[in-house]
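# A look at the structure
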Amino acid sequence: MRDASPLIVAIDGPSGVGKSTTSRRVARALNIPHIDTGAMYRALGLAALREEVDTHDEAALEKLAGRVNIEFVPGERARVLLNGEDITSLIRTPEVSMAASDVSTVPAVRRVLVKLQQQLGRRNGGVLEGRDIGTKVFPETRHKFFLTARPEVRARRRYDELVTKGASPSLTGVLAETIARDEQDSTRADSPLTWDETYTVVDTSDLTIDQVVAAIVERVRALC
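So, here's what we can say about the structure. (Residues numbered from 1 in each chain as written. Predicted model: local features only at pLDDT ≥ 70, side-chain atom pairs only at ≥ 80, totals over all residues. Heavy atoms only, no water.)

### Details of the packing of aromatic side chains
Note the following rule: A pair of Phe, Tyr and Trp rings is counted when the ring centres sit within 6.5 Å of each other, with Trp represented by its six-membered ring. The angle between the planes then sorts it: under 30 degrees is stacked, over 60 is edge-to-face, the rest tilted. Only runs of H or I of at least four residues qualify as helices and only runs of E of at least two qualify as strands under DSSP, and these elements are numbered from the N terminus. Each residue is assigned to one of three classes by its accessible area relative to the maximum for its type, calculated with a 1.4 Å probe on protein chains only: buried under 20%, partly exposed between the two thresholds, exposed over 50%.
Inspection of every chain in the model, using the stated rule, returns 2 aromatic pairs. Seen in terms of ring centroids, Phe146 and Trp195 are 4.3 Å apart; in terms of plane orientation they differ by 35°. Their pairing is tilted. Residue Phe146 is found in strand 7 (residues 143–148), and its partner Trp195 is found in the loop between helix 8 (171–187) and strand 8 (200–203); the two are separated by 49 residues along the sequence. Given a relative accessible area of 3%, Phe146 falls into the buried group. Here Trp195 falls in the partly exposed class, since its relative accessible area comes to 44%. Judged by centre distance (6.3 Å) and plane angle (80°), the ring pair of Phe146 and Tyr199 falls under edge-to-face. Pair noted here: Phe146 is in strand 7 and Tyr199 is in the loop between helix 8 and strand 8, with a separation of 53 residues, a long-range link.

### So, the packing of helix 1 (residues 19–30) against helix 9 (residues 209–223)
We count it as follows: Working convention: axes come from line fits to C-alpha atoms, limited for helices to the stretch in contact. Angles between N-to-C directions cover 0 to 180 degrees. Under this scheme an angle from 65 to 115 degrees is roughly perpendicular, one under 35 degrees roughly parallel, and one over 145 degrees roughly antiparallel; angles in between are oblique. Should the near helix be turned counterclockwise from the far one by less than a right angle, the crossing is left-handed, whereas a clockwise turn marks it as right-handed. Residue contacts follow a heavy-atom distance rule, with two residues in contact if any of their heavy atoms lie within 4.5 Å. When residues are sorted by character, Ala, Val, Leu, Ile, Met, Phe, Trp, Tyr, Cys and Pro go into the nonpolar class, Asp, Glu, Lys and Arg into the charged class, and all the rest, Gly among them, into the polar class.
Between helix 1 and helix 9, whose axes approach to 9 Å, the crossing angle comes to 45°. Our classification of the angle between helix 1 and helix 9 gives oblique. Helix 1 and helix 9 meet at a crossing whose hand is right-handed. Between helix 1 and helix 9, the contacting residues are Thr21, Thr22, Arg25, Val26, Ala29 and Leu30 on the first element and Ile209, Asp210, Val212, Val213, Ile216, Val217, Val220 and Arg221 on the second. Classifying every residue of the contact of helix 1 with helix 9 by side-chain character gives 9 nonpolar, 2 polar and 3 charged.

Any functional reading would require information that these geometric values do not contain.
Now the structure itself:
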């Protein structure tokens, strides 16, 4: 490595581009932790749904963020704890996804979770995935990647994932939710989903996970 600071790899992008699988495998290849930041927002989204907190009520969400305890346990299969409860298997539903998108627009919520993400990354390095890792959480890292894919491809991936888990979604509905979340995430005032010239953009529409992982790992190693 060119310096002794922890290696931080930022992988940003919308839902359905393969961020989670790609990030886990990149982390394994580079022998550093995988930190799923989106799971933290999903945890708070789930908490809001459970407590019937309006996900558009900024004051209520700020209080909720201050009350709940969200812990992130990195690993091969990272776990997310909400007030001590392992909720890893409960935070991938369409309802929680939209709630997570809502709560992520609240600046006070983002401040709390960004601080946690920075603490984790600076401790041992890591591959962090999300929507603003390279722009807000670790803007200083040289290793920034933005994954993208055509909306219909992402919707099909999400549809197949839900079917595999036993759900009975509508492909049309999943596509509509995908587009709606893109719009919300890209236009929010605080840390919108975006990228700039410091990123390497990877369109995953017609690539295998192996190809995406290989491209990212090769790029990171070339810069180290």
